[in-house]
Amino acid sequence: METNFITPIQLWGSIEGIDAAPVSTAAPDGMFRSIFQNAVQDVRDTEANLQTQQYLLATGQIDDPHSVQIAASEAQLSTSMLVQLRNKALDSYNELMRISL
């Protein structure tokens, strides 16, 4: 067993699930854009999963009704996350516009 509890800081390669294309000077918004695209796609996926689960519940084809509530919570959380990302992006943009050069 290792007795050293403090691990050295490691360089992050990329964030999981985000297109890790290198960001160049010509396209500084590459990673920024991919974060929002992934968030929007996540909202679409969770909403589709929720609709499928609701359909299965309504037609009596589902064995575990609690999965509908789980899908609803996931859809709500992903929508909330997207709204918060948008709010933070707008706050950042407004802050940058207030900077005088």
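This structure is a prediction, so every number in the text was calculated from the model and none was measured.

**Structural notes on the packing of helix H1 (residues 30–58) against helix H2 (residues 66–98)**
As a packed pair, H1 and H2 sit with axes 8 Å apart at the nearest point and diverge in direction by 155°. As far as their axial angle goes, H2 and H1 are roughly antiparallel. Here H1 and H2 pass one another in a crossing that is left-handed. Its residues placed into classes, the contact of H1 with H2 shows 15 nonpolar, seven polar and four charged.

**Observations regarding the pattern of salt bridges**
Note on pairing: side chains with opposite charge can pair once their charged atoms come close. One pass over the structure, following the stated rule, counts one salt bridge. For Glu95, the salt bridge is made with Arg98, and the minimal N-O distance between the two is 3.3 Å. Taken as a pair, Glu95 and Arg98 lie in helix H2 at a separation of three residues, close to a single helical turn.

**As for the side chain of Ser78**
Following the sequence through the fold, Ser78 ends up in helix H2. By relative accessible area, Ser78 is classed as buried at 7%. Each residue touching Ser78, except ones within four places of it in the same chain, is listed here: Asp42, Val43 and Thr46.

**Looking at the packing of aromatic side chains**
Within a pair of aromatic rings, the relevant descriptors are the distance that separates the centres and the angle that separates the planes. The final tally for this structure, using the stated rule, is one aromatic pair. Look at Phe32 and Phe36: their rings are 5.1 Å apart centre to centre, the planes differ by 65°, and that puts the pair in the edge-to-face class. A residue pair is termed a helical-turn pair when its members lie 3 or 4 positions apart in one helix, as Phe32 and Phe36 do in helix H1 at four residues.

**Concerning a nonpolar patch on the surface**
Together, Tyr93, Leu96, Met97 and Ile99 make up an exposed nonpolar region whose accessible area comes to about 450 Å². Within the secondary structure, Tyr93 sits in helix H2.

**Some points on H2**
Look at H2: 48 Å from first C-alpha to last across 33 residues, which is about the 48 Å you get at 1.5 Å a residue. Restricting attention to buried positions, one finds in H2 the residues Ser67, Val68, Ala71, Ala75, Ser78 and Leu82. Where H2 is buried, its residues meet H1.

**A word on the side chain of Ser67**
Here Ser67 shows up in helix H2. A polar contact of 3.0 Å, which involves the side chain of Ser67, links it to the side chain of Gln53. Not counting residues within four places of it along the chain, the set of residues in contact with Ser67 comprises Gln53 and Ile62.

Parameters and conventions
Residues numbered from 1 in each chain as written. Predicted model: local features only at pLDDT ≥ 70, side-chain atom pairs only at ≥ 80, totals over all residues. Heavy atoms only, no water. Axes fitted to C-alpha atoms, helices over the stretch in contact; angles between N-to-C directions. Helix = DSSP H or I, 4+ residues; strand = E, 2+ residues; numbered from the N terminus. Parallel < 35°, antiparallel > 145°, perpendicular 65-115°, else oblique. Left-handed = near helix turned anticlockwise from the far one by under 90°. Nonpolar A, V, L, I, M, F, W, Y, C, P; charged D, E, K, R; others polar. Salt bridge = Lys/Arg side-chain N within 4 Å of Asp/Glu carboxyl O. Buried < 20%, exposed > 50% of the residue type's maximum accessible area, 1.4 Å probe, protein only. Contact = heavy atoms within 4.5 Å. Phe/Tyr/Trp six-rings, centres within 6.5 Å; stacked < 30°, edge-to-face > 60°. Patch = residues over 30% accessible without salt bridge, like charges linked within 9 Å, V, L, I, M, F, W, Y side chains within 5 Å. Areas by Shrake-Rupley, 256 points an atom, 1.4 Å probe, with all protein chains shown as cover. Expected span 1.5 Å × (residues − 1). Polar contact = N/O pair within 3.5 Å; in protein donor to acceptor, adjacent residues only side chain to side chain.

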